[in-house]
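Secondary and tertiary structure notes
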Amino acid sequence: MIEVGQQGAFSVNSVGVERRPFPLSFSVREAEGLWRVRAGAAQAGELVDLLVAMANDAVAVVSLETNSYLDEDWHSLRPSLIAAELGVPCTVHSLGSWPSGTNGLAEEFLVMDRDLLPRLLDGTWSPYELTLVDVPADVTAEQLDELALVLGTTGIDEPLLSRLGDSRVWFSGHDDCYVMLETRDPALPAAVLARLLTLLAGSALAELAEEPFSRVPEPGPWLPEQLIATAPHWIGALGNVTEDLVTIGLAALEDLWRLGVPFPQQADLTATLDVRHGTWRITPAE
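Presented here is a report on the structure given in the accompanying data block.

1. Some words on the overall build of the protein
Scanning the protein from terminus to terminus reveals seven helices and 16 strands. Taken against the 2.2 N^0.38 rule, which gives 19 Å for 286 residues, the C-alpha radius of gyration of the protein at 19 Å falls within 12% of a compact globule. Projecting the C-alpha coordinates of the protein onto the three principal axes gives extents of approximately 55 × 45 × 35 Å. Here the protein, with 286 residues, has 51% of them falling under the buried criterion. Partitioning the intrachain contacts of the protein with sequence separation of at least 6 by distance along the chain shows that 65% fall at a separation of at least 24.

Next up, the structure:
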């Protein structure tokens, strides 16, 4: 069971001036034995357990921006100060000023035990920019400098982990909504898609019940695996929502979803959560 709050990504984000509900989006591509995912809507804290499960013993937070912790000049606090405020033990690796202006790089890295990452992303604050990558527990300062160089010189559409022999997962989250990740584990894309379905259904149930949280079962791996086997790009939108059933219309796209692309006139499939029995099913759309 997953606890989904009313302040989750699907609840706080909307599309356009009409504030239409934000759709589920998912795209996966395999290249060189790596899987690259672009998805929405999800906050980093809503996926953190999936990332920790795939990661090496340590995680390097390589970029962090937030409006939740600001200095006297209204600039985001340094990541190390945020970690200290939250009581998260970590090692700080300073890069100096050279990464300034480099997308996805801060002037300092935080290196922490992977099991401490949920404490950092505890839901009490919101990073609008967060990038992290797993590293060995005994990572050296020289290796972190090399990591920064790779991150700073790899194009956004280029495979990254192929240049990082020891890392298993790279995650980048934007605006508490958009997700990009790369992984060596073929199970992670399906797990992310299952989580997105759960978050969308759970946010609707929490709003319906006017409760801060709802507890929702995730679909088994078979459901997202079936979707990925059918098409690599999907968009989803809420259908009927009652105390007993939540339906999500799913449509396959020719390419990854971008902001402003409307939901197709006809869904291809319907994912249905039976709330009382705690089960999911997928059927052709009517």
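Here the narrative resumes.
2. Digging into the side chain of Thr198
If you trace the backbone, Thr198 turns up in helix 6 (residues 187-209). Among the polar contacts made by the side chain of Thr198, one reaches the main-chain carbonyl oxygen of Ala194 at a distance of 2.9 Å.

3. Remarks on the nonpolar core
The nonpolar side chains of a soluble globular protein tend to be buried, and buried together. Counting 70 residues, the largest nonpolar core has Leu117, Leu120, Leu197 and Leu227 as its most contacted members. With nine residues, helix 6 is the largest single contributor of residues to this core. Excluding anything up to four places from it in sequence, Leu197 contacts Leu24, Pro219, Leu223, Leu227, Ile248, Leu250, Ala271 and Trp280. In terms of nonpolar packing, the next biggest core, distinct from the first, is built from 21 residues, Leu34, Phe109, Leu164 and Trp170 among them.

4. Some details on empty space enclosed by the protein
According to the stated counting rule, one finds one cavity of 30 Å³ or more in the structure shown. Approximately 50 Å³ is the volume found for the largest cavity. Looking at the lining of the largest cavity, the elements that each hand over two or more residues are strand 9 (127-135) and strand 10 (169-174). With three residues, the single largest contributor to the lining of the largest cavity is strand 10. Taken together, the residues of the lining of the largest cavity sort by class into seven nonpolar, three polar and one charged.

5. Some words on unusual backbone geometry
The linkage connecting Gly40 with the following residue, Ala41, adopts the cis geometry, with an omega of 0°. One can find Ala41 in the loop between strand 5 (34-40) and helix 2 (44-54). With phi around 55°, Glu210 is a residue other than glycine that occupies positive phi space. In this fold, Glu210 is placed in the loop between helix 6 and strand 12 (213-216).

6. Let's talk about the environment of Ala137
With respect to the helices and strands, the residue Ala137 is situated in the loop between strand 9 and helix 5 (141-153). Along the backbone, Ala137 and Asn56 are 81 residues apart, and their C-alpha atoms lie at a distance of 7.5 Å. Apart from residues lying up to four places away in sequence, Ala137 is in contact with Asp57 and Ala58.

7. Quick word on the side chain of Gln43
Mapped onto the fold, Gln43 is located in the loop between strand 5 and helix 2. The exposure class assigned to Gln43 is buried, which follows from its relative accessible area of 16%. When neighbours within four sequence positions are excluded, Gln43 is seen to be in contact with Gln7, Gly8, Ala9, Val12 and Asp176.

8. Considering the sheet that holds strand 4 (residues 24-31)
Sheet architecture is open: 12 strands sit in the order 7-8-6-9-10-11-5-4-13-14-15-16, paired in antiparallel fashion. On the outer flanks of this sheet lie strand 7 (91-94) and strand 16 (279-284), each paired with one strand and no other. Averaged over all pairs of adjacent strands, the angle between their axes in this sheet comes to 20°, without regard to strand direction. Note: strand 5 against strand 11 (residues 178-183), five bridges, orientation antiparallel. Looking across to strand 11, one finds that Val37 is bridged to Leu181.

9. Observations concerning the packing of helix 6 against helix 7 (residues 222-230)
As a packed pair, helix 6 and helix 7 sit with axes 8 Å apart at the nearest point and diverge in direction by 110°. By the angle class used here, helix 6 and helix 7 are roughly perpendicular. Here helix 6 runs over helix 7; the crossing is right-handed. On helix 7, the residues touching Pro189, Ala190, Leu193, Ala194 and Leu197 of helix 6 are Leu223, Pro224, Glu225, Leu227 and Ile228. Taken together, the residues of the contact of helix 6 with helix 7 break down into nine nonpolar, no polar and one charged.

10. Topic: the pairing of strand 16
In the sheet, strand 15 (residues 269-274) pairs with strand 16 via six bridges, with the strands oriented antiparallel. From the neighbouring strand, Ala271 faces strand 16, where its bridge partner is Ile282. The loop that links strand 15 with its antiparallel partner strand 16 comprises four residues; one of these, Gly278, has a positive phi angle of about 70°.

11. Structural notes on the pattern of salt bridges
Inspection of every chain in the model, using the stated rule, returns seven salt bridges. Here Arg36 makes a salt bridge to Glu182, at a shortest N to O gap of 2.3 Å. Linking Arg36 in strand 5 with Glu182 in strand 11, this pair joins segments that are 146 residues apart in sequence. Considered together, Arg36 and Glu182 belong to a single accessibility category, that of buried residues. The residue Arg38 makes a salt bridge to Asp157 at a minimum N-O spacing of 2.9 Å.

The rules behind each value
- Residues numbered from 1 in each chain as written.
- Predicted model: local features only at pLDDT ≥ 70, side-chain atom pairs only at ≥ 80, totals over all residues.
- Heavy atoms only, no water.
- Helix = DSSP H or I, 4+ residues; strand = E, 2+ residues; numbered from the N terminus.
- Rg over C-alpha atoms; globule rule 2.2 N^0.38 Å.
- Buried < 20%, exposed > 50% of the residue type's maximum accessible area, 1.4 Å probe, protein only.
- Contact = heavy atoms within 4.5 Å.
- Polar contact = N/O pair within 3.5 Å; in protein donor to acceptor, adjacent residues only side chain to side chain.
- Core = buried A, V, L, I, M, F, W, Y, C linked by side-chain atoms within 4.5 Å.
- 1 Å grid on protein atoms, 1.4 Å probe; cavity = no way out; pocket = protein on both sides within 12 Å on 5 of 7 lines; lining within 4 Å.
- Points joined across faces, edges and corners; volume = space filled by probe spheres on them.
- Nonpolar A, V, L, I, M, F, W, Y, C, P; charged D, E, K, R; others polar.
- Pairing = 2+ DSSP bridges.
- Axes fitted to C-alpha atoms, helices over the stretch in contact; angles between N-to-C directions.
- Parallel < 35°, antiparallel > 145°, perpendicular 65-115°, else oblique.
- Left-handed = near helix turned anticlockwise from the far one by under 90°.
- Salt bridge = Lys/Arg side-chain N within 4 Å of Asp/Glu carboxyl O.

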